[in-house]
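Reading the structure
The lines below spell out each chain.
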Amino acid sequence: MRTMLLVLLSLFVVAQSFSQTTYKEIKSSKLNDVRQLKIKLPKDYNPDADIKYPVIVVFDGDYLFEPIAGQVDFQTYFDDMPPSIIVGVIQGNNRFYDGYVDALSGLPTESGLRFYNFVEQELIPFIDKNYRTSPFRVAVGHDLMGNFINAFLFKENPAFQAYVCISPDLSGTVKDYLAERLDYFNKDIFYYMATAEHDIREIRHTILDINAAIKNVENENLTYYFDDFEDEKHYTLVSGAIAKSFDKIFNIYKPIREKELQEKVVTYEGTLDKYLIDRYSKIEDLFGITKVIEEEEIEKVLKVAEDREDLESIFKLGKLAQKLYPKSSLGSFILALHSEKSGKNKKAMKLYKTALDLEETSHITKEYIMSQVEKLSVAVDDNEDDD
């Protein structure tokens, strides 16, 4: 039943994506042509709001734009990735010329170089000028264009911070130097590559060789993911690759899940409020967006602090909750819990009663707080030193 609901939801968001797509034209002096773009803005996009969005540039926008737009809607619905601006470049009969590269180097030349300059010097400035964009950009390409987008990596300051190369038809010395180039970056870079069991033979063999080389790269700034899809072909792997690549690229943006709690939070050396603050600061640093620490995340981390009897973390999580959500009962409740565990029952009682006058959370209801008050009241000692 749950699988069916997810399928129906995915179909719904794809349909919504189509209805929200607009078409724009951009005049290019580099191409001496007018190019058509497909653009989809986030559902709640407001040009006057102080909110910025990552940009996903879709090459082969003729056929890749819709599945990507649908996937973005699907993942943002579950808060697994940030709302993003999606720009599809319609290439049509120009595709071969746009992706034209030098046979020896594998880098854009002639018509390919003109298209490269169009993207870097005209398309991206056009998007940045007209929309509220963050500095984080994702390039997505398949086959010929999957090879083409690698050219941006070979600039000192690449136009894109994440690359989704779906069954790229890698050519020239690009394939020989790709791993070496990825080892060079001193800033965060995301690189995703995929092939399939029944991919085009020559493409598949080259990809597997390059994957072996990239896997040996030991660059802490590189986040690399690779998929080899079973029972898929050169075109049928596309939908799976799109879903997996975004899932990986925006992994840190997701709400904290059980795996992260067990592997990172439980073993964290330091107070757990700092874990949350550092985690969300990294989201801002990576994606150029601000995401406020959610109450649910504080509650998840609080449970870990309780399990490891970390009173300092409990206290600091309470202070953090008060700072972020002053109208919520969460902060006072956590501080009451800290006082109770510290043996200061009278102080805990006061804090629980303060929490009763504040807004409920999904888990901390007035009924639940009252149950804590009633349980604690029998333990209160009038002679207790609450200092």
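Just so it is clear, the structure is predicted and the values come from calculations on it, not from any experiment. (Residues numbered from 1 in each chain as written. Predicted model: local features only at pLDDT ≥ 70, side-chain atom pairs only at ≥ 80, totals over all residues. Heavy atoms only, no water.)

1. A few points about helix 14 (residues 345-356)
The first and last C-alpha atoms of helix 14 sit 17 Å apart over 12 residues, in line with the 16 Å expected at 1.5 Å per residue. Taken as a whole, helix 14 has its buried residues at Asn345, Ala348, Met349, Leu351, Tyr352, Ala355 and Leu356. Axial view of helix 14: buried residues confined to an arc of 170°, hence all on one face. On the buried face of helix 14, the contacting elements are helix 13 (330-341) and helix 15 (366-377). (Helix = DSSP H or I, 4+ residues; strand = E, 2+ residues; numbered from the N terminus. Expected span 1.5 Å × (residues − 1). Buried < 20%, exposed > 50% of the residue type's maximum accessible area, 1.4 Å probe, protein only. Arc of directions from axis to C-beta. Contact = heavy atoms within 4.5 Å.)

2. Concerning the nonpolar core
Of all hydrophobic cores here, the largest spans 66 residues; its most connected members are Ile68, Val138 and Phe246. Here isoleucine 68 is in contact with Ile56, Val58, Ile86, Val140, Ile242 and Phe246, once residues within four sequence places are set aside. Counting residues in each nonpolar core, the second largest holds 47 residues, with Phe115, Ala139, Cys165 and Tyr191 among its members. (Core = buried A, V, L, I, M, F, W, Y, C linked by side-chain atoms within 4.5 Å.)

3. With respect to helix 11 (residues 295-307)
With 13 residues, helix 11 extends 19 Å from end C-alpha to end C-alpha; this agrees with the ideal 18 Å at 1.5 Å per step. Taken together, the buried positions of helix 11 are Glu295, Glu297, Ile298, Glu299, Val301, Leu302, Val304 and Ala305. On the buried face of helix 11, the contacting elements are helix 9 (258-265), helix 10 (272-287), helix 12 (311-324) and helix 13. Backbone geometry just after helix 11 places glutamate 309 at a positive phi near 50°.

4. Observations regarding the environment of lysine 248
Examined against the element boundaries, lysine 248 turns out to sit in helix 8 (residues 238-249). Residues lysine 248 and glutamine 36, 212 residues apart in the sequence, show an inter-C-alpha distance of 30 Å.

5. Notes on the pattern of salt bridges
This structure, assessed with the given rule, holds 23 salt bridges. Notably, a salt bridge pairs aspartate 79 with lysine 291, separated by 3.4 Å at the nearest N-O pair. Pair noted here: aspartate 79 is in the loop between helix 2 (61-77) and strand 4 (85-89) and lysine 291 is in the loop between helix 10 and helix 11, with a separation of 212 residues, a long-range link. With a closest N to O distance of 3.0 Å, arginine 137 and aspartate 128 form a salt bridge. (Salt bridge = Lys/Arg side-chain N within 4 Å of Asp/Glu carboxyl O.)

6. Looking at the sheet that holds strand 6 (residues 162-166)
Judged by pairing direction, the sheet is mixed, and its 8 strands sit side by side in the order 1-2-4-3-5-6-7-8 without closing on themselves. The sheet is open, and its two edges are formed by strand 1 (21-28) and strand 8 (222-233), each paired on a single side. Taking the axes of each pair of neighbouring strands and ignoring which way they run, one obtains an average angle of 20° across the sheet. Running at roughly 140° to strand 7 (residues 189-198), helix 7 (residues 201-215) makes contact with strand 7 and strand 8 of the sheet. (Pairing = 2+ DSSP bridges. Axes fitted to C-alpha atoms, helices over the stretch in contact; angles between N-to-C directions.)

7. What to know about the packing of helix 13 against helix 14
Where helix 13 contacts helix 14, the two axes come as close as 8 Å, and the packing angle between them is 165°. What the angle tells us is that helix 13 and helix 14 run roughly antiparallel. For the pair helix 13 and helix 14, the sense of crossing is left-handed. Here Ser332, Phe333, Leu335, Ala336, Leu337, Ser339 and Glu340 of helix 13 lie close against helix 14, whose contacting residues are Asn345, Lys347, Ala348, Leu351, Tyr352, Thr354 and Ala355. (Parallel < 35°, antiparallel > 145°, perpendicular 65-115°, else oblique. Left-handed = near helix turned anticlockwise from the far one by under 90°.)

8. Focus: the packing of helix 6 (residues 174-182) against helix 7
Put simply, helix 6 and helix 7 touch, their axes get as near as 9 Å, and they point 25° apart. By the criterion of interaxial angle, the relationship of helix 6 to helix 7 is roughly parallel. The handedness of the crossing between helix 6 and helix 7 is right-handed. Together, Lys175, Leu178, Ala179 and Leu182 of helix 6 and Thr206, Ile210, Ala213 and Ile214 of helix 7 make up the contact between the two elements.

9. Regarding the environment of glutamate 284
Inspection of the secondary structure assignment puts glutamate 284 in helix 10. Measuring from C-alpha to C-alpha, the distance between glutamate 284 and tyrosine 45 comes to 19 Å, with 239 residues separating the pair along the chain. For glutamate 284, the residues in contact, after removing those within four places along its chain, are Ile289 and Thr290.

10. Structural notes on the confidence of the model for the protein
Predicted confidence across the protein gives a mean pLDDT of 92, with 93% of residues reaching 70 or more. Below pLDDT 50 for its whole length, residues 1-9 participates in 5 contacts with residues either more than four positions away or in separate chains. (pLDDT = per-residue confidence, 0-100.)

11. What about the pairing of strand 4?
Of all 5 residues making up strand 4, 5 are buried, and the element is well covered by its neighbours. In strand 4, alternate side chains face the same way, and those of Ile85, Val87 and Val89 on one face and Ile86 and Gly88 on the other are all buried. Relative to strand 4, strand 2 (residues 33-40) is paired through 4 bridges, and the arrangement is antiparallel. Bridge pairing in strand 4 links lysine 38 to glycine 88. Here 4 bridges tie strand 3 (residues 53-58) to strand 4, and the two strands are oriented parallel to one another. Across the sheet, isoleucine 56 pairs through a bridge with isoleucine 86, a residue of strand 4. Read as a crossover between parallel neighbours, the route from strand 3 over helix 2 to strand 4 is right-handed. (Right-handed = clockwise from strand over helix to strand, strands pointing away.)

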